[in-house]
Amino acid sequence: MLKIRIIPILTTNGFALVKTKQFANPRMVGNAVQAARIFNSRGVDELVYIDIFASKQDRKINLKTAKDVIGECFMPVGVGGGIKEIEDINNLLQIGADKVILKKQAIVNPDFIERAANFFGSQCISVSVEVVRNEYEYMIYNDLGIQIRLIDFVKKIQDMGAGEILLNSVDRDGMMNGFDINLVNIVQKISNIPIVVIGGGGDLEHYKVLFNETDCQAVGSSSIFHFTQYTPLDIKNELLKFGKPVRI
């Protein structure tokens, strides 16, 4: 049986770590390199590092900082932000990233996923699927004025060769009030690639519910580590109590 992955998410504005609520009002929460060092010492399964402003500001991710973050880690690291070209992916892999995370390009140019997967292999191409719910259904969040149904987008990126989905509920982002279980189950029914569930973790009970009521094998979290006393090990120990397989 696959071990459940607990994955801290580090989001940066290009200079410092920030944490948003529902993708708004970024609050500074520290230094990315120091945070990576701490998480590495705590034996987390993976780490995700994303510059959440790079694409919006039409710039590349800071490769030096990304390299410094990766250099602190003895676990796999996924990196995203400002990726527009094959060269951008190559640069991130060259400095030690194990995966790259696509977002804007997956929306405006889904064929780029196929090009990247064919060039580097699907195993290192992740897509951030950021979701909001309207009155009727789940939609892909973006500030480009593009209307995309969640179900259509998930099927498309799978067909293009994505190797992993980072499923992020914008409505739950930073709220620490529990995961969107319905969203997770919908995506799992139509997905045949691994899913990392993000958005909503605030206490140990939320993780217990997530892994009891879905079949997900990985969770990404940020606020719980920044704003509570809980650590990744606390989550793992909680999951062990009801028989879930984790790495200790």
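See above for the structure.
The notes below deal with the structure included here. Please read these numbers as outputs of a predicted model, since none were measured by experiment.

## A short note on the overall build of the protein chain
Looking only at helices and strands, one finds ten helices and eleven strands in the protein chain. Radius of gyration (C-alpha) of the protein chain: 17 Å, near the 18 Å computed for a compact globule of 248 residues. Projected onto the principal axes, the alpha-carbon positions of the protein chain cover approximately 45 × 40 × 35 Å. Buried residues in the protein chain amount to 54% of all 248 residues. In the protein chain, of all internal contacts separated by at least 6 residues, the share reaching a separation of at least 24 is 67%. Carbon and sulfur atoms provide 48% of the accessible area of the protein chain, an area that totals close to 11,500 Å². The average position of the 28 basic charges and that of the 28 acidic charges among the side chains of the protein chain differ by 3 Å.

## Some words on the layout of surface pockets
When its volume is computed, the largest pocket comes out at roughly 840 Å³. The residue makeup of the lining of the largest pocket, split by class, is 19 nonpolar, 18 polar and eight charged. Along its surface, the second largest pocket is lined by 14 residues, and L2, R5, P194, I195 and Q217 are the ones closest to its centre. Among the residues making up the lining of the second largest pocket, the classes are represented as six nonpolar, three polar and five charged.

## Remarks on the environment of A97
Along the chain, the position of A97 falls in the loop between α3 (86-94) and β6 (99-102). Judged by its relative accessible area of 7%, A97 is buried. Taking the C-alpha atoms as reference points, A97 and G78, separated by 19 residues in sequence, lie 5.9 Å from one another. With near-sequence residues (within four places) excluded, A97 lies in contact with I70, V77, V79 and L92.

## Examining the pairing of strand β1 (residues 5-12)
Burial analysis of β1 places eight of its eight residues in the buried class, the great majority of the element. The side-chain alternation of β1 yields two buried faces, one formed by R5, I7, I9 and T11 and the other by I6, P8, L10 and T12. Pairing geometry for β1 and strand β11 (residues 218-221), over four bridges, is parallel. Counted as the bridge partner of P8 is S221 from β11.

## Thoughts on helix α5 (residues 111-120)
Along α5, the residues that are buried comprise F112, I113, A116, A117 and F120. In a view along the axis of α5, the buried residues occupy a sector of 130 degrees, so they form one face of it. Seen from the open side of α5, the exposed residues pointing more than 90 degrees away from its buried face are N118 and F119. Looking at the buried positions of α5, the neighbouring elements they touch are α3, β6, α4 (104-108), β7 (125-133) and α6 (150-160).

## Notes on the side chain of T11
Relative to the helices and strands, T11 resides in strand β1. Excluding anything up to four places from it in sequence, T11 contacts A16, L17, V18, K19, I50 and I52.

Rules of the game
Residues numbered from 1 in each chain as written. Predicted model: local features only at pLDDT ≥ 70, side-chain atom pairs only at ≥ 80, totals over all residues. Heavy atoms only, no water. Helix = DSSP H or I, 4+ residues; strand = E, 2+ residues; numbered from the N terminus. Rg over C-alpha atoms; globule rule 2.2 N^0.38 Å. Buried < 20%, exposed > 50% of the residue type's maximum accessible area, 1.4 Å probe, protein only. Contact = heavy atoms within 4.5 Å. Areas by Shrake-Rupley, 256 points an atom, 1.4 Å probe, with all protein chains shown as cover. Lys, Arg positive; Asp, Glu negative; His and termini not counted. Charge placed at Lys NZ, Arg CZ, Asp CG, Glu CD. 1 Å grid on protein atoms, 1.4 Å probe; cavity = no way out; pocket = protein on both sides within 12 Å on 5 of 7 lines; lining within 4 Å. Points joined across faces, edges and corners; volume = space filled by probe spheres on them. Nonpolar A, V, L, I, M, F, W, Y, C, P; charged D, E, K, R; others polar. Pairing = 2+ DSSP bridges. Arc of directions from axis to C-beta.

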